[in-house]
Amino acid sequence: MTIEIKDVCKSYDGKAVLSCVNLNIEDEHTYVITGPSGCGKTTLLRLILGLESPDSGTVRLLGDYKYPYINSGTVFQEDRLCDDFDAVTNVCMVSRKVYRETVTEELLRLLPGSELHKPVKELSGGQRRRVAIVRACAIPSDILIMDEPFTGLDDESRKKAIGYIREKQGSGPLVITTHDTRDLEFGRIIKL
Amino acid sequence: MKKIAGRAAAVIAWILIWQVTALIVHNQILLAGPLDTVKALRYLAKTPDFWQSVVSTTLRILIGFALGSALGIALACLAYKDRRFEIFLQPMVAALKSVPVASFVILLLIWFGPGNISTIICAMVVFPILYLNSLEGLAGTDKKMLEMAKVFRMPTERKLFYIYLPQLVPFFKGAFKLAIGMSFKSGIAAEVIGQPLHTIGNGLYLSKIYLETGELFAWTIVVVLIAFICEKILSFILARI
């Protein structure tokens, strides 16, 4: 699968956020998109996800793809978890193709067992972030798209999370936006 | 415990005020006292018509409540999905909110007769309450969570359960509590005007005709009690959602 981003421009209220961006996202590759705040990292991800349309240019899914939108395991800039439900439920709720036992095992790789059955509103920012990462990785998807996935994670948790994500990437592409490219040198760094 | 005792004391104080006032007025037609009311209630409870009226009115009102609630929630979902439908419904909802119940009752009596008047009126009173509250709840649903659901292709029933329902429950709680009280008020009023046989409304009307103020109060207490029990059952169910 290839996502072709061609001459994409996007502006909000007359202010250009993306100007003529070109990029091909291909299987098995990792793309680390970096740049200062407001440079359009999140906007680019939203365009790839089909949540927004470019002002000009195109974002196309090349090849034989059966859905109009890409099937993505996504970490949003915010955690976007259901506060009153626990971590296991938050991961299980998004897909019928995952089971509580498997999800529990996945979560245990990044979180202590004592935190799995608390409502996520009682977890710390870093723990919630890790739940969001597992949610993105646990469901079957064609691509992983992660917007600042390591916010609130200490160095050790960050390394663990990177290892986990790489393992879960499989044969699909991985797109990460971040301010901090440490430990992500295995991917292609793209500065916006 | 202290709170319950305080409330009980307040109720007893008002019953005493009522009894003293009745003694001062000393006219059972103008004001029956609590003892006369209890006597009337005991007398009524021994007649088979009383229980038939209680069951018939309660059932009719609860059916109207359920119909109005279901319709209000269903149409709110459709209006939330399509803004044009919401605009289309606006005049009808505004009319249902502002037109006096009595006007509808008379119109419905002409159209359908007195048979199911309380059911229809209840549904008409409950509908805008549930519709407007559900619509407000749906409009307040977190757009970012809906976007998350879209990206993950979350199954519809899970979206309803995990995203919409937690948002709607506080609105439902307020709306249902208000609606159940309004149901009994409007349903009984409709029965008093329409006078279908073997109903509480008809009992109230006959009490007025025969100037049986004790019976009038007794019927009123019965209505208050039924509404109170229904509200408590509803609160119990809502608390478990």
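Residues numbered from 1 in each chain as written. Chains lettered and ligands numbered in written order. Predicted model: local features only at pLDDT ≥ 70, side-chain atom pairs only at ≥ 80, totals over all residues. Heavy atoms only, no water.

*Asks:* Whenever I open this one, the pairing of strand β7 (residues 174–177) of chain A confuses me. Can you help?
*Replies:* The two faces of a sheet get side chains in turn, since along a regular strand they alternate between them. Residue and element names in this part refer to chain A. Burial along β7 is two-sided: Leu174 and Ile176 and Val175 and Thr177, pointing in opposite directions, are all buried. In terms of strand pairing, strand β6 (residues 143–147) meets β7 through 4 bridges, oriented parallel. Paired with Met146 across the two strands is Ile176, which belongs to β7. Each parallel crossover has a hand, and for β6 linked through helix α5 (residues 155–169) to β7 it is right-handed. (Buried < 20%, exposed > 50% of the residue type's maximum accessible area, 1.4 Å probe, protein only. Helix = DSSP H or I, 4+ residues; strand = E, 2+ residues; numbered from the N terminus. Pairing = 2+ DSSP bridges. Right-handed = clockwise from strand over helix to strand, strands pointing away.)

*Asks:* So what exactly am I meant to see when it comes to the packing of aromatic side chains here?
*Replies:* A ring pair, where both rings are aromatic, is described by two values, the distance of the centres and the angle of the planes. Applying the stated rule across the entire model yields 12 aromatic pairs over all chains. Centroid distance Phe50 of chain B to Trp219 of chain B: 5.2 Å. Interplanar angle 35°. Geometry classified as tilted. A residue pair is termed long-range when its members are at least 10 positions apart, and Phe50 of chain B in helix α3 (residues 48–81) and Trp219 of chain B in helix α10 (residues 213–239) qualify at 169 residues. Judged by its relative accessible area of 4%, Phe50 of chain B is buried. By relative accessible area, Trp219 of chain B is classed as buried at 4%. Here the aromatic rings of Phe65 of chain B and Phe176 of chain B are separated by 5.9 Å at their centres, their planes lie at 55°, and the arrangement is tilted. With Phe65 of chain B in helix α3 and Phe176 of chain B in helix α8 (residues 156–194), this residue pair connects regions lying 111 residues apart in the sequence. The same class applies to Phe65 of chain B and to Phe176 of chain B, which are both buried. Here a set of aromatic residues connected by ring pairs shows up, and it is made of Phe85 of chain A together with Phe161 and Tyr162 of chain B. We note Arg166 of chain A situated over the ring of Phe186 of chain A; from NZ or CZ to the ring centre the distance is 3.7 Å. Directly above the ring of Phe236 of chain B sits Arg240 of chain B, whose terminal nitrogen or CZ lies 3.9 Å from the centroid. (Phe/Tyr/Trp six-rings, centres within 6.5 Å; stacked < 30°, edge-to-face > 60°. Lys NZ or Arg CZ within 6 Å of the ring centre and 35° of its normal.)

*Asks:* What is the right way to read the domain arrangement of chain B from this model?
*Replies:* Accessible area lost when the parts come together is the quantity often used to give the size of an interface. Residue and element names in this part refer to chain B. On domain assignment, one finds that chain B holds domain 1 (1–29) and domain 2 (32–240). One C-alpha centre belongs to domain 1, the other to domain 2; they are set 30 Å apart. Contacts between domain 1 and domain 2 engage 6 residues on the former and 10 residues on the latter. Taking both sides of the interface into account, the surface hidden between domain 1 and domain 2 amounts to around 690 Å²; carbon and sulfur atoms contribute 63%. Interface area lost by domain 1 to domain 2 is led by Trp18, Gln28 and Ile29, which between them contribute 72%. On the surface where domain 1 and domain 2 come into contact, there are 0 salt bridges. (Domains from an automatic or database assignment. Contact = heavy atoms within 4.5 Å. Buried area = accessible area lost by both parts, 1.4 Å probe. Salt bridge = Lys/Arg side-chain N within 4 Å of Asp/Glu carboxyl O.)

*Asks:* Could you clarify how one ought to interpret the packing of helix α5 (residues 101–112) of chain B against helix α6 (residues 117–139) of chain B in this entry?
*Replies:* A pair of packed helices is characterised by two quantities: the angle between their axes and the separation of those axes. All names here are of chain B. Orientation of α5 relative to α6, taken along the N-to-C sense of each, is 135°, at an axis distance of 10 Å. By the angle between their directions, the pair α5 and α6 is classed as oblique. Both α5 and α6 take part in a crossing whose hand is right-handed. In contact with Val101, Phe104, Val105, Leu108, Leu109 and Phe112 of α5, α6 contributes Ile117, Ile120, Ile121, Met124 and Val125. (Axes fitted to C-alpha atoms, helices over the stretch in contact; angles between N-to-C directions. Parallel < 35°, antiparallel > 145°, perpendicular 65-115°, else oblique. Left-handed = near helix turned anticlockwise from the far one by under 90°.)

*Asks:* I keep staring at the interface of chain A and chain B and nothing clicks. Help me out?
*Replies:* The interface of chain A with chain B comprises 26 residues on the first partner and 16 residues on the second. Note on chain A versus chain B: buried area summed over both sides is about 1,800 Å², and carbon and sulfur give 61% of it. Of all residues in chain A, the largest losses of buried area upon contact with chain B belong to Arg80, Met93 and Arg96 of chain A, amounting jointly to 31% of the total for that side. Summed over the shared surface of chain A and chain B, the number is 4 salt bridges. In this structure, the salt-bridge partner of Glu147 of chain B is Arg46 of chain A, at a minimum N-O distance of 2.7 Å. Of all the secondary-structure elements, those providing two or more residues to the side of chain A that touches chain B are α1 (41–49), β5 (72–75), α2 (87–92) and α4 (125–138) of chain A. A total of 3 residues in the side of chain A that touches chain B trace back to one element, the largest contributor, which is β5 of chain A.

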